[in-house]
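Chain and residue survey
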Amino acid sequence: MNTIVHTTQQVYRQLVNATSRPGHVEMITEEVKNYTDFSNASLLAAMTLLDNEVSFYTADQTMKKELKVLTGGIADEDCSTSDFIVLKEENLKKEYFTDVLKGVLISPEKSATLMIDIESIGKGQTYRLSGPGIKETTDIQLSLAEEWFNHRNEVCKEFPLGIDLMMTDKNNNLIVIPRTTKVEVL
């Protein structure tokens, strides 16, 4: 019998693998009762990372209710104070990149992770990744427009400050781009 604990343990392993190998695509095959219009991968990643000690922001009211019930996470009304920002690609705004927690030099870990449910991982604009966890370079294709990576790159230019990106798609693929990764538009 697979309980939610076993499910989130498996997803956690996949999140660690994707985070330590930027550009590597993980497919989340675990099942969950999903009453939102986000992908199962998005809901499961959020369920795995959120608890009653972290805050999250989402503009989607259904997702907000689900995450409060399933994780006990603290729902913020303002993205500028949230540890996690859970969004769909079509709802992105510049402030989700610029007006969020970026850490401070004494505590760079106090920054936001943007969890974006996008149309496609594997199709769309090509990006070249380099940095820790990547042997030389890795090319990826994402439906996410380059303007969002321009905002992300601007926010991450003062390392160790910055934000981390976690993206999922409708096929339950997951990819992570930490703040340490350099992203170039091809």
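Here is what the cut-offs are and how they apply
Residues numbered from 1 in each chain as written. Predicted model: local features only at pLDDT ≥ 70, side-chain atom pairs only at ≥ 80, totals over all residues. Heavy atoms only, no water. Pairing = 2+ DSSP bridges. Helix = DSSP H or I, 4+ residues; strand = E, 2+ residues; numbered from the N terminus. Core = buried A, V, L, I, M, F, W, Y, C linked by side-chain atoms within 4.5 Å. Buried < 20%, exposed > 50% of the residue type's maximum accessible area, 1.4 Å probe, protein only. Contact = heavy atoms within 4.5 Å. Axes fitted to C-alpha atoms, helices over the stretch in contact; angles between N-to-C directions.

Structural notes on the pairing of strand β8 (residues 121–130)
- Across six bridges, β8 lies against strand β9 (residues 138–142) in antiparallel orientation. Across the sheet, residue Thr126 finds its bridge partner in β9, namely Gln141.
- As defined by bridge partners, β8 adjoins strand β12 (residues 182–185) across four bridges and the pair is classed as antiparallel. Pairing of Leu129 across the sheet is with Val183, part of β12.

Notes on the nonpolar core
- Ranked by internal contacts, the top residues of the largest apolar core, which has 29 residues, are Leu142 and Met167.
- Secondary-structure elements contributing two or more residues to this core are β4 (84–88), α4 (95–98), β7 (113–118), β8, β9, α5 (146–155), β10 (164–169) and β11 (173–177).
- Setting aside its immediate chain neighbours within four residues, Leu142 contacts Ile118, Ser120, Ile121, Lys123, Gly124, Gln125, Tyr127, Phe149, Met167, Ile175 and Ile177.
- In this structure, Leu15, Val32, Ala41 and Ala46 belong to the second largest nonpolar core, which totals 23 residues.

Structural notes on the sheet that holds strand β1 (residues 26–27)
- In spatial order, the strands read β1-β11-β10-β7-β4-β2-β3; together these seven strands make up an open sheet with mixed pairing. The sheet terminates laterally at β1 and β3 (74–75), the two strands that pair on one side only.
- The sheet contact formed by β10 and β11 spans four bridges and is antiparallel. When the bridges of β11 are listed, Thr168 appears paired with Leu174.
- Here helix α3 (residues 61–71) sits on the sheet and contacts β2 (55–57), β3 and β4; the angle it forms with β2, its principal contact strand, is near 165°.

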